[in-house]
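# Coordinate analysis (summary)
In case you want the letters, here they are:
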Amino acid sequence: MPTPQAVIFDMDGTLIDTERVSQTAWRRAATDLGLDVPERIWNAFVGCSIPNARKMINDLFGDEGLTDRLFAHQRDLFFALEDEILAPREGALEALRTLADAGMTLALATTTAREHALKEMERFGMAPFFSTMTFGDEIERSKPAPDIYFEAARRLGVAPEVCAAVEDSMNGARAALAAGMATFLVPEWAEATPDVADACAAVLGGLAEVPAAILGRTAVLA
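Residues numbered from 1 in each chain as written. Predicted model: local features only at pLDDT ≥ 70, side-chain atom pairs only at ≥ 80, totals over all residues. Heavy atoms only, no water.

## So, the overall build of the chain
- Broken down by element type, the chain carries 10 helices and 6 strands.
- Taken over the C-alpha trace, the chain has a radius of gyration of 17 Å; the compact-globule value for 222 residues is 17 Å, and the two agree within 12%.
- Projected onto its principal axes, the C-alpha coordinates of the chain cover approximately 50 × 35 × 30 Å.
- Out of the 222 residues belonging to the chain, those deemed buried represent 51%.
- Taking all contacts inside the chain whose residues are at least 6 apart in sequence as the whole, residues at least 24 apart take part in 64%.
- Carbon and sulfur atoms make up 49% of the accessible area of the chain, which amounts to about 10000 Å² in all.
- Taken as two groups, the 19 positive and 34 negative side-chain charges of the chain have centres that lie 2 Å from each other. (Helix = DSSP H or I, 4+ residues; strand = E, 2+ residues; numbered from the N terminus. Rg over C-alpha atoms; globule rule 2.2 N^0.38 Å. Buried < 20%, exposed > 50% of the residue type's maximum accessible area, 1.4 Å probe, protein only. Contact = heavy atoms within 4.5 Å. Areas by Shrake-Rupley, 256 points an atom, 1.4 Å probe, with all protein chains shown as cover. Lys, Arg positive; Asp, Glu negative; His and termini not counted. Charge placed at Lys NZ, Arg CZ, Asp CG, Glu CD.)

## Considerations on helix α7 (residues 147-156)
- What α7 keeps buried is the set I148, Y149, E151, A152, A153 and L156.
- Along its buried surface, α7 packs onto β1 (6-9), β2 (105-109), β3 (132-134), β4 (163-167) and α8 (170-178).
- In the stretch just after α7, G157 is the one whose phi turns positive, near 80 degrees.

## Let's talk about helix α4 (residues 64-85)
- With 22 residues, α4 extends 30 Å between its outermost C-alpha atoms, agreeing within 8% with the 32 Å of an ideal straight helix rising 1.5 Å per residue.
- Buried within α4 we find L66, T67, L70, F71, Q74, L77, F78, L81 and E82.
- In this structure, the buried side of α4 is in contact with α1 (18-32), α3 (50-61) and α6 (114-123).
- N-capping of α4 is provided by D63, with a side-chain oxygen placed 3.0 Å from the backbone N of G65. (Expected span 1.5 Å × (residues − 1). Polar contact = N/O pair within 3.5 Å; in protein donor to acceptor, adjacent residues only side chain to side chain.)

## Some words on the state of the cysteines
- Tallied over the entire structure, the rule returns 0 disulfides.
- Cysteine C200 is unpaired, with the sulfur of C163 as its nearest cysteine sulfur at 16 Å. (Disulfide = S-S within 2.5 Å.)

## A look at the nonpolar core
- Ranked by size, the top nonpolar core spans 50 residues in total, and within it F9, L15, M121 and F130 carry the most contacts.
- Aside from chain neighbours lying at most four places away, what touches F9 is T14, L15, L96, L99, L106, A107, L108, A109, F130, V166 and V210.
- The next biggest cluster of nonpolar side chains, apart from the first, holds 16 residues, and it includes I8, A107, A152 and A179. (Core = buried A, V, L, I, M, F, W, Y, C linked by side-chain atoms within 4.5 Å.)

## Quick word on the packing of α3 against α4
- One way to put it is that α3 packs onto α4 with a least axis distance of 9 Å and a crossing angle of 130 degrees. When the axes of α3 and α4 are compared, the pair comes out oblique. Of the two possible hands of crossing, α3 and α4 adopt the one that is right-handed. Residue-level contacts link I50, A53, R54, I57, N58 and F61 of α3 to E64, L66, T67, D68, L70 and F71 of α4.
- Residues belonging to the contact of α3 with α4 are distributed by class as follows: 7 nonpolar, 2 polar and 3 charged. (Axes fitted to C-alpha atoms, helices over the stretch in contact; angles between N-to-C directions. Parallel < 35°, antiparallel > 145°, perpendicular 65-115°, else oblique. Left-handed = near helix turned anticlockwise from the far one by under 90°. Nonpolar A, V, L, I, M, F, W, Y, C, P; charged D, E, K, R; others polar.)

## Describing the pattern of salt bridges
- With the rule as written, the count across this model stands at 15 salt bridges.
- A salt bridge links D195 to R174; its shortest N-O distance comes to 3.6 Å. Note that D195 is positioned in helix α9 (residues 194-199) and R174 in helix α8, a separation of 21 residues in sequence.
- We classify D195 as partly exposed; its relative accessible area is 48%.
- Here the salt bridges do not stand alone but share partners, grouping R114, E138, E151, R154 and R155 into one network. (Salt bridge = Lys/Arg side-chain N within 4 Å of Asp/Glu carboxyl O.)

Right, here's the structure in full:
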């Protein structure tokens, strides 16, 4: 694979371990409300938009009021847990630094709203690595639609086909693949499905493997 002109990173679950916070909050919220939610639902929530996640819960319990209570309680728990346990994924800063030191242009494409995502990027010292950042409240359709990746490439001034994307979720990977990008999947909470794994440039065991996989040579983490 030719070396890409730019690398576009997802944030939630890819660079920052928000999925651990989110999954903890979902499970606590369900327990507090006395709900038995199948594990397949929690797995499907990884990289899922709020409207699609709400539909899953509505379909499961058939009670929109209950869905409202679950989502409101989960949100409260998430923000309560965020300061306590939120952290970068292992190797995130090192991977960004190594790619930047190699002269690679980096961008962010996250479905999280600007106000919240930018706070986390700055909190963990990641913001300076990115030439552009595209946020979920700046696009109409969330992943797995490719809109955010098309917009990220447009802001960089390059064609999507010459970009690589780094994702952790199936929905995120599907979005990047639909945009025509070489996609590197680094799953943690969601197991790679065969169709997505086969379409990706690589499925990696951790962020430490990302620079060498993208640069096509041995890359020593900075």
